[in-house]
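Observations on the three-dimensional arrangement
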Amino acid sequence: MQNTAIRPRDVGRHIREWRQRRRKTQLNLALDAEISTRHLSFLETGKAKPSREMVLHLCERLEVPLRERNMLLVAAGYAVLD
């Protein structure tokens, strides 16, 4: 049986997966989100922990569906949206 639970350190991996799914480069997403490519890279690799607002901001720019946004929030250690 496979464990599909998201661990807190997985949020960066999930952000990267959604970015790739949307066929965006780090530069494209960083420009869309008005953050530096370095910061985005640090978020994706786990060197930096995103704030709740940053998770939601990136999800909005990547057009992540609500259910998956909640999964990303949980992965980052935050409460889900109502």
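Residues numbered from 1 in each chain as written. Predicted model: local features only at pLDDT ≥ 70, side-chain atom pairs only at ≥ 80, totals over all residues. Heavy atoms only, no water.

Let's talk about the overall build of the protein
Note the threshold: For helices the rule is a DSSP run of H or I covering at least 4 residues; for strands it is a run of E covering at least 2, with both sets numbered from the N terminus onward. Throughout this description, buried means an accessible area under 20% of the type-specific maximum (1.4 Å probe, protein chains only), exposed means over 50%, and partly exposed covers the range between. Every residue pair with non-hydrogen atoms within 4.5 Å of one another is taken to be in contact. To be clear on the numbers: accessible area is Shrake-Rupley with a 1.4 Å probe, and residue cover counts the displayed protein chains and nothing else.
On a plain count of helices and strands, the protein comes out with five helices and zero strands. Mapped in sequence order, the helices and strands of the protein form the string α-α-α-α-α. When the 82 residues of the protein are sorted by exposure, 34% land in the buried category. Taking as baseline every contact in the protein between residues at least 6 positions apart, the subset at least 24 positions apart corresponds to 55%. Put simply, the protein shows about 5500 Å² of open surface, and 49% of that area lies on carbon and sulfur atoms.

Focus on the packing of helix α1 (residues 11–21) against helix α3 (residues 37–45)
Geometrically, a packed helix pair is captured by the angle between its two axes and the distance between the axes. What counts here: Note on method: axes are straight lines fitted to C-alpha atoms, helices fitted across the in-contact stretch only, with angles between N-to-C directions ranging 0 to 180 degrees. For classification purposes, angles smaller than 35 degrees are called roughly parallel, those larger than 145 roughly antiparallel, those between 65 and 115 roughly perpendicular, and all remaining angles oblique. Each residue is assigned to one class: nonpolar for Ala, Val, Leu, Ile, Met, Phe, Trp, Tyr, Cys and Pro, charged for Asp, Glu, Lys and Arg, and polar for all the others, Gly among them.
Remark: α1 packs on α3, axes separated minimally by 6 Å, with the N-to-C direction vectors making an angle of 120°. Taken together, the axes of α1 and α3 lie oblique to each other. Between α1 and α3, the residues in contact are G12, R13, I15, R16 and R19 and L40, L43, E44 and T45, respectively. Taken together, the residues that form the contact of α1 with α3 break down as three nonpolar, two polar and four charged.

All we've got here are geometric facts, nothing functional implied.
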